[in-house]
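If you want the building blocks of each chain, they are given just below.
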Amino acid sequence: MASPTYQPRVNTSGNGWRNPPIGGGVSGGRLSHQPRPDEEQSGPTGPKPRPGFGLRGPRRSPHVLTAESLASLTLPVGDDGVIIGIDPQNQPAVLSLLRPSPMEIALVGSMWMAQVLALRTVATGARVAVETARPPAWAQMAQAAGGGQQCVSVHDVRQIAPQGPSVSSPVLVVRDMGARPPRNQLAPSPWQSVLTVLPFLGPRSPQMLSRADLVGLQRLSPEEAEVVTRIMRLPEQVGAVLPTLSDNAMLWCSRDGHQFVMTQPTEAETNLLGGPRRMD
């Protein structure tokens, strides 16, 4: 913020706003921090300054807008969340994974994609708790995330404890337990989203997809694509593309719409996790 541009008052008489001389606080019978009578008459209008509470600041009138000027004010605000890649127009695709309302996410894809999402979620300042049947596969990523901070915790199946999410400390719970995951112990709640990773569609997958608020799809078999197209009510031409997706391409869909996204790993992500892949 720039410094005020008003000119400071200068008192050439040795009294007024200057500090009193050392050894005495009274000069001519008047306290040095009190204004002189002529200053009270010639000073600016408005509330008088209270002695001992600093110098007078700049006048307010130059900083006040009229009602007619309010329409010219603009505040550019973009999407917030996790950058998951680029859309077909080469624009950043942002996914809001953590919200003040509960959110359940289903990802039909690889652990590689789930770990990229976890790393990028940590980069936004959130915590990630992983409940998995293969802890060693998540251990290296958990140690590398957060630069030594405990941002990612890994738990065995049914060994995850309540995470205490809040607006200042949101949590993404990642469940990586195969195509038939057990019942979730940590349900979605405000500022705590649950991401369930499915390597392929299992018997209970249709129920999970229909219940999820957001679904991410990597490459599927033609049979799986037909099931997902029906459950998510996708256009037939969109469902026909699912079996042809590359390893780093995904379709994100919800009840309101769908979007193809190309996930481009950074050099650090590639060094840690390897290249994009559909199966682990």
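Owing to the predicted nature of the structure, the values given are computational and were not obtained by experimental measurement.

Description of the overall build of the protein
- The helix and strand inventory of the protein stands at seven helices and twelve strands.
- Within the protein, contacts between residues separated by at least 24 positions form 60% of all contacts whose residues are at least 6 apart in sequence.
- Of the accessible surface of the protein, which amounts to about 16700 Å², a share of 54% is contributed by carbon and sulfur atoms.

Considering helix 3 (residues 135-144)
- Looking at helix 3, one finds that the buried residues are Trp138, Met141 and Ala142. The arc that holds every buried residue of helix 3, seen down its axis, measures 105°, which confines them to one face. Seen from the open side of helix 3, the exposed residues pointing more than 90 degrees away from its buried face are Pro136, Gln140 and Gln143.
- Along its buried surface, helix 3 packs onto helix 2 (111-123), strand 6 (127-132), strand 7 (152-155), strand 8 (171-176) and helix 7 (267-273).

A short note on helix 5 (residues 222-232)
- All of the buried residues in helix 5 are Glu224, Ala225, Val228, Thr229 and Met232. Buried residues along helix 5 cover an arc of 135° about the axis, so they all sit on one side. Of the residues in helix 5, the exposed ones pointing more than 90 degrees away from the buried face are Glu223, Glu226 and Arg230.
- Along its buried surface, helix 5 packs onto helix 4 (205-211), strand 10 (214-217), helix 6 (236-239) and strand 11 (249-253).
- Downstream of helix 5 by a residue or two, Arg233 has a phi angle that is positive, lying close to 55°.

As for the confidence of the model for the protein
- For the protein, per-residue confidence averages 81 on the pLDDT scale, and residues scoring 70 or more make up 73% of the total.
- Confidence drops under pLDDT 50 across residues 6-19; counting only partners more than four residues distant or on other chains, this segment forms 24 contacts.

Structural notes on the pairing of strand 9 (residues 192-198)
- Of all seven residues in strand 9, seven are buried, a share of seventy percent or more.
- Here strand 9 shows a buried face lined by Gln192, Val194, Thr196 and Leu198 and a second buried face lined by Ser193, Leu195 and Val197.
- One ladder, built from six bridges, connects strand 5 (residues 103-108) with strand 9; its direction is parallel. What sits directly across from Glu104, in strand 9, is Val194.
- Taken together, the six bridges between strand 8 and strand 9 define a ladder with parallel strand orientation. Paired with Val171 across the bridge in strand 9 is Gln192.

A closer look at the nonpolar core
- Membership of the largest hydrophobic core comes to 36 residues, with the highest contact counts inside it found for Val152 and Trp252.
- At nine residues, helix 2 tops the list of elements feeding residues into this core.
- If near-sequence neighbours (up to four positions away) are discounted, Trp252 is found in contact with Ile84, Leu95, Ile105, Leu117, Leu214, Val215, Gly216, Gly257, His258, Gln259 and Val261.

What about the packing of helix 2 against helix 3?
- In contact at an axis separation of 11 Å, helix 2 and helix 3 are set at 30° when each is read in the N-to-C sense. In terms of orientation, helix 2 and helix 3 fall into the roughly parallel class. With respect to the hand of their crossing, helix 2 and helix 3 are arranged in right-handed fashion. Seen from helix 2, the contacting residues are Met111, Ala114, Gln115, Ala118 and Leu119; seen from helix 3, they are Ala137, Trp138 and Met141.
- When the residues that make up the contact of helix 2 with helix 3 are grouped by side-chain class, the tally is seven nonpolar, one polar and no charged.

Topic: the pairing of strand 4 (residues 92-95)
- By the alternation rule, side chains of strand 4 split into Ala93 and Leu95, which are all buried, and Pro92 and Val94, of which none is buried.
- Inspection of the sheet shows strand 3 (residues 82-86) paired to strand 4 by four bridges, in the antiparallel sense. Residue pairing in the sheet places Ile83 in a bridge with Val94 of strand 4.
- The turn joining strand 3 and strand 4, which pair antiparallel and follow one another in sequence, is formed by five residues; a positive phi near 65° is taken by Asn90.

Regarding the side chain of Arg120
- Considering the arrangement of structural elements, one finds Arg120 in helix 2.
- Owing to a relative accessible area of 13%, Arg120 belongs among the buried residues under this scheme.
- Those residues in contact with Arg120 that lie beyond four places of it in its chain are Val82, Ile83, Ile84, Gly85, Thr263, Gln264, Pro265, Thr266 and Glu269.

Examining the environment of Pro199
- Note that Pro199 resides in the loop between strand 9 and helix 4.
- Accessibility expressed as a relative area gives 21% for Pro199, which makes it partly exposed.
- Counting along the chain gives 79 residues from Pro199 to Arg278, while the straight-line C-alpha distance between them is 8.7 Å.
- Apart from the residues lying within four places of it in its own chain, the contact partners of Pro199 are Gly109, Gly178, Ala179, Arg278 and Met279.

So, how was this worked out
Residues numbered from 1 in each chain as written. Predicted model: local features only at pLDDT ≥ 70, side-chain atom pairs only at ≥ 80, totals over all residues. Heavy atoms only, no water. Helix = DSSP H or I, 4+ residues; strand = E, 2+ residues; numbered from the N terminus. Contact = heavy atoms within 4.5 Å. Areas by Shrake-Rupley, 256 points an atom, 1.4 Å probe, with all protein chains shown as cover. Buried < 20%, exposed > 50% of the residue type's maximum accessible area, 1.4 Å probe, protein only. Arc of directions from axis to C-beta. pLDDT = per-residue confidence, 0-100. Pairing = 2+ DSSP bridges. Core = buried A, V, L, I, M, F, W, Y, C linked by side-chain atoms within 4.5 Å. Axes fitted to C-alpha atoms, helices over the stretch in contact; angles between N-to-C directions. Parallel < 35°, antiparallel > 145°, perpendicular 65-115°, else oblique. Left-handed = near helix turned anticlockwise from the far one by under 90°. Nonpolar A, V, L, I, M, F, W, Y, C, P; charged D, E, K, R; others polar.

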